[in-house]
Amino acid sequence: MSAPRLSLSTVKAALLAEGRVNLDRAFLWAPVAFGLGAAGYLEARGEPALWMLALAAGSLAATWWACQRWNAPGVLVVLASLAAFGAGGGLAAKVRSDRVAAPLVVGERVVRRVDGFVVDVASPGVGGPRLLIAPVAVSGLSPERTPRRIRVTIGENETPAPGRAVRLRAMLGPPPPPAAPGSYDFARDAWFDSIGGVGFTIGELGAARLDPPPMSLRLTMAINSFRWTLAQRILVRMGPSSGGIGAAMVTGHEAWITEDQTEAMRASGLAHILSISGLHMAIVGGFVFGAVRLGVAAWPWLALRAPGKKIAAVAGLAAVLGYLVISGAPPPAERAAITASVAFLAILFDRRAITLHGLAVAALLILAMKPETAGEPGFQMSFAATAALVALAESWPQPVKEISTPWWIRWPQAGLTWLAASVAASLVAGLATAPFAMQHFNRVAVWGLPANLAVAPLSSFVIMPFLAVGTLLEPFGMGAPFLAVAGWGVDAMVAIANGFADARGAQRIVASAPQQVLVVALLGLMILCLWRGRLRWIGAPLALAVALWPRPAAPDAWIASDGATVAVRSGDAAVLLRADAKRFGAELWARRRGLTPATWSLYACDKRICAPELGAPVRLSLAWSRKTPDAETLAGLCVRSEVVVIRAPAPARMPPLCADTVLLTAEDFARGGAAELYRRPDGWRIVWAQPLRGDRPWSRPAGRRLLTADVTSVR
């Protein structure tokens, strides 16, 4: 018997049928278009006018309506609708940016006295514990110029509980610019959080006598105070080894997680467990849903008279919202809570709980409320992973329900099915988030899949359920046994993380691809997840764009945004000239360019100056004192170097020996920010960070003229 012949008409009919099926699923692309529009606003170099965005959104929405009204072809209707959603995303981001606008501290960091209320204990930074403060008065700033929120590192001071009125002295300045050209913009996130100043305390914190704050702030601080107290009680119950992680998984406070634990979780691909996200919401909501439904079913009188599934959905919804409050409602928890709430509401209205349509509704709600999340790695990764998992669930073959199967056959089959589903889910979620992890964090956890498979039973059946029950009972003094069991689970998880982190080649550093490549990968992933039919596999090579795209040559040197430190490239290593200064920024730049930070050096350094020795990869000198070097010192640096970096202002008269040397001073960094240097046959090419940010509300150093070009060439 001969095989059927594949004719052109058959292929055309199949493609048309596939297209008709996917036209009905066009709504699934709405959050993608909306998010890309919001991201376009965030990445724009100039601030668009509100009326222009409103006009574009209104015009495209009218076009969409007209296409529907006059029965235009389905493809045109879909394209018009997606264009309208894209414009709506840009408009929503602009409206949100204007709504959260708050005063910023401007100029250089200076010591200021601050009186204010401790709103929350923020996640610790490189310098230690940090506080989020609502300032009432800041010395040197008028009330209308006082930031709405500031964030300060408190060093060795005892951490005060939220709600306390404090007085402190802090070295305070504006939120920091990007550590390198094109890298993560800390100031943009601070803008949308209404944080107008950051710094560190000098001396001890004292009490302040202030008038009562507004009711909304009092309520926020009361909730945060309860969370802080609960976190401390969890720490005491579970002990210092596991209590820090337990407190972080319940309340979001990461103050007690050790650096070794954090690094082990990152290297093993388990760091996502430390932050409250969809995994935690799903486990808590699912645990409560299952327990309540089982309880209703176990009570025959109630089971015959009440819809057990809907009662369980209400309980699950309440658990998710309660967990959101206790966690402090960080952005990942908000996203997860909205997604879980949509699923439980679907059950209440007799709809399927887990569908791509439900995910699309949840994503649109999240983006409409906080469009800035479109540019956050957390949202991108969670949305991609969830879409991939739901698409997997839609295509997963449904097992045939057998009748009267012996338990010794049924249980092994169920175990194998669960194992196959776990492997598939971990693999799919890992592949979906890999492009974003490589682009934003430049880390690939080689053993992430087996590590997650090993930890999944612990987190799903031991850690989170016992943490949930223990937390619920702890205010009544009965949570100790449950928290102890959760602590054993956390200890086992950390042991697994350490084992995989210590394995050979546990993680690899991957350089970031150009920004537009991530958009290509996102579209490829969405084609794989949202399209039905054979054409979905067109998305596979696009989804691999970040991994396959050729990387440009790494820069020869990097300079911090204030000229305080420098790193130079030597092969695959980034040599830090000052290992104790701006290390976070230097390491972030090194990873972004695929380099390994190193402290060995071919540079001679004293207390103020680093100069190249024989064999240095780049003949570059650094003077990091805030005082301008004298003419003799500067001339000596110029003789030994092709590039001289001075943190201080330029001298009034330039030594003649510096005529052929590239000299970068405080004025250059004030206008351009961080810089990357590329050696060219005709001189040096300098790429500046500030022009790449553009003239945006969060990127304007007040009163200073910005560079208008992001690249300068110096002979």
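Because the structure is a prediction, the values reported are computed rather than measured.

What counts, and where the lines are drawn
Residues numbered from 1 in each chain as written. Predicted model: local features only at pLDDT ≥ 70, side-chain atom pairs only at ≥ 80, totals over all residues. Heavy atoms only, no water. Helix = DSSP H or I, 4+ residues; strand = E, 2+ residues; numbered from the N terminus. Rg over C-alpha atoms; globule rule 2.2 N^0.38 Å. Buried < 20%, exposed > 50% of the residue type's maximum accessible area, 1.4 Å probe, protein only. Contact = heavy atoms within 4.5 Å. Areas by Shrake-Rupley, 256 points an atom, 1.4 Å probe, with all protein chains shown as cover. Lys, Arg positive; Asp, Glu negative; His and termini not counted. Charge placed at Lys NZ, Arg CZ, Asp CG, Glu CD. Salt bridge = Lys/Arg side-chain N within 4 Å of Asp/Glu carboxyl O. Disulfide = S-S within 2.5 Å. Polar contact = N/O pair within 3.5 Å; in protein donor to acceptor, adjacent residues only side chain to side chain. Axes fitted to C-alpha atoms, helices over the stretch in contact; angles between N-to-C directions. Parallel < 35°, antiparallel > 145°, perpendicular 65-115°, else oblique. Nonpolar A, V, L, I, M, F, W, Y, C, P; charged D, E, K, R; others polar. Pairing = 2+ DSSP bridges. Core = buried A, V, L, I, M, F, W, Y, C linked by side-chain atoms within 4.5 Å. Right-handed = clockwise from strand over helix to strand, strands pointing away. Patch = residues over 30% accessible without salt bridge, like charges linked within 9 Å, V, L, I, M, F, W, Y side chains within 5 Å. Phe/Tyr/Trp six-rings, centres within 6.5 Å; stacked < 30°, edge-to-face > 60°. Lys NZ or Arg CZ within 6 Å of the ring centre and 35° of its normal.

Caption draft 1: The arrangement of the overall build of the protein in detail. Across its full length, the protein carries 24 helices and 20 strands. Rg of the C-alpha trace for the protein: 28 Å, near the compact-globule value of 27 Å for 715 residues, within the 12% margin. The dimensions of the protein, computed from C-alpha atoms along their principal axes, are 95 × 75 × 55 Å. Looking at the 715 residues of the protein, the share that counts as buried comes to 46%. When contacts within the protein are restricted to residue pairs at least 6 apart in sequence, long-range pairs at least 24 apart make up 66% of them. Roughly 35200 Å² of accessible area belongs to the protein as shown, and the carbon and sulfur atoms make up 63% of that amount. Positive and negative side-chain charges of the protein, numbering 69 and 46 respectively, have mean locations separated by a distance of 7 Å.

Caption draft 2: The arrangement of the pattern of salt bridges in detail. Tallied over the full model, the rule gives 19 salt bridges. E43 serves as the salt-bridge partner of R188, at 3.3 Å between the closest nitrogen and oxygen. Remark: E43 occurs in helix α2 (residues 30–43) and R188 occurs in helix α5 (residues 186–192); sequence separation between them is 145 residues. The exposure class assigned to E43 is partly exposed, which follows from its relative accessible area of 48%.

Caption draft 3: Structural detail: the state of the cysteines. Counted by the stated rule, this structure contains two disulfides. One disulfide bridge connects C605 with C610, the sulfur atoms lying 1.9 Å from each other. Handedness of the C605-C610 disulfide follows from its S-S torsion of about 115°: it is right-handed. One disulfide bridge connects C638 with C658, the sulfur atoms lying 1.9 Å from each other. Around the S-S axis, the bridge from C638 to C658 shows a dihedral of about 95° and counts as right-handed.

Caption draft 4: How the structure looks around the side chain of T251. Topologically, T251 is positioned in helix α7 (residues 240–251). T251 gets classed as buried once you look at its relative accessible area, which sits at 0%. Only 3.3 Å separates the side chain of T251 from the backbone nitrogen of H253, close enough to count as a polar contact. T251 has contacts with R227, L230, A231, I276, I326, S327 and G328, leaving out every residue within four places of it along the chain.

Caption draft 5: Representation of the packing of helix α6 (residues 215–238) against helix α17 (residues 480–501) in the model. Between α6 and α17, the least distance of the axes is 9 Å, while the angle of their chain directions is 75°. Judged by the angle between their axes, α6 and α17 are roughly perpendicular. Along its contact with α6, which presents I234, R237 and M238, the element α17 presents A480, L483, A486, G487 and V490. Per-class residue counts for the contact of α6 with α17 are six nonpolar, one polar and one charged.

Caption draft 6: Structural context of the sheet that holds strand β17 (residues 662–664). If you trace the five strands from one edge of the open sheet to the other, you get β13-β14-β15-β16-β17, paired in mixed fashion. Unpaired on one side and paired on the other, β13 (603–605) and β17 mark the two borders of the sheet. Here the average twist between neighbouring strands, direction ignored, is 15°. Looking at chain direction, strand β16 (residues 643–646) and β17 are connected through three bridges and run parallel.

Caption draft 7: Expanded view of the nonpolar core. Counting 52 residues, the largest nonpolar core has F383, F436, L525, M526 and L530 as the members making the most contacts within it. No other element matches helix α18 (residues 515–530), which puts nine residues into this core. Those residues in contact with F383, other than ones at most four positions away along the chain, are P31, V32, L359, A363 and M526.

Caption draft 8: Geometry of the pairing of strand β15 (residues 620–623). Burial along β15 is two-sided: L620 and L622 and S621 and A623, pointing in opposite directions, are all buried. Bridge analysis of strand β14 (residues 609–612) against β15 gives two bridges, and the strand direction is antiparallel. Bridging from a neighbouring strand, I609 pairs with A623 of β15. In this structure, β15 lies alongside β16, joined through four bridges in parallel fashion. Pairing of S621 across the sheet is with V644, part of β16. Each parallel crossover has a hand, and the one from β15 via helix α22 (residues 631–640) to β16 is right-handed.

Caption draft 9: A look at a nonpolar patch on the surface. A surface patch of nonpolar side chains, about 350 Å² in accessible area, is lined by L23, V75, L76 and L79. The element contributing the most residues to the nonpolar patch is helix α4 (residues 74–99), with three residues. Mapping V75 onto the fold places it in helix α4.

Caption draft 10: Structural context of the environment of E108. You can see E108 is positioned in the loop between α4 and β1 (110–125). C-alpha of E108 to C-alpha of L663: the two residues are 555 residues apart in sequence and 22 Å apart in space.

Caption draft 11: Layout of the pairing of strand β11 (residues 573–576). Along β11, one buried face is formed by A573 and V575 and the opposite face, lined by A574 and L576, is buried too. As defined by bridge partners, strand β10 (residues 566–570) adjoins β11 across four bridges and the pair is classed as antiparallel. When the bridges of β11 are listed, R569 appears paired with A574. Between β10 and β11, which pair antiparallel one after the other, the connecting turn spans two residues, and G571 there sits at a positive phi close to 70°. Of the pairings in the sheet, the one linking β11 to strand β12 (residues 596–598) comprises three bridges and is parallel in character. Counterpart to V575 in the pairing with β12 is A598. Crossover handedness for the path β11 to helix α21 (residues 583–592) to β12: right-handed.

Caption draft 12: Representation of the side chain of S621 in the model. As for its placement among the helices and strands, S621 is situated in strand β15. Reaching out from S621, the side chain makes a polar contact with the side chain of S641 at a distance of 2.4 Å. What S621 contacts, discounting residues up to four positions off in sequence, is C610, A611, P612, L637, S641, V643, V644 and V645.

Caption draft 13: Region of the structure containing the environment of L522. Here L522 lies in helix α18. Sequence separation between L522 and V118 is 404 residues, and the spatial gap between their C-alpha atoms is 39 Å. In this structure L522 touches L36 and F436, once residues within four positions along its chain are discounted.

Caption draft 14: Looking closely at the packing of aromatic side chains. The final tally for this structure, using the stated rule, is 13 aromatic pairs. Centroid distance W65 to W70: 6.2 Å. Interplanar angle 70°. Geometry classified as edge-to-face. On the basis of relative accessible area, W70 is assigned to the exposed category, the value being 62%. Ring geometry for F192 and W698: centres 5.8 Å apart, planes at 45°, overall tilted. Of the two residues, F192 sits in helix α5 while W698 sits in the loop between α24 (689–693) and β20 (711–714), which places them 506 residues apart along the sequence. Note that R685 overlies the ring of Y678, its terminal NZ or CZ placed 5.3 Å from the centroid. Between R696 and the ring centre of Y41, over which it is positioned, the NZ or CZ distance is 4.6 Å.

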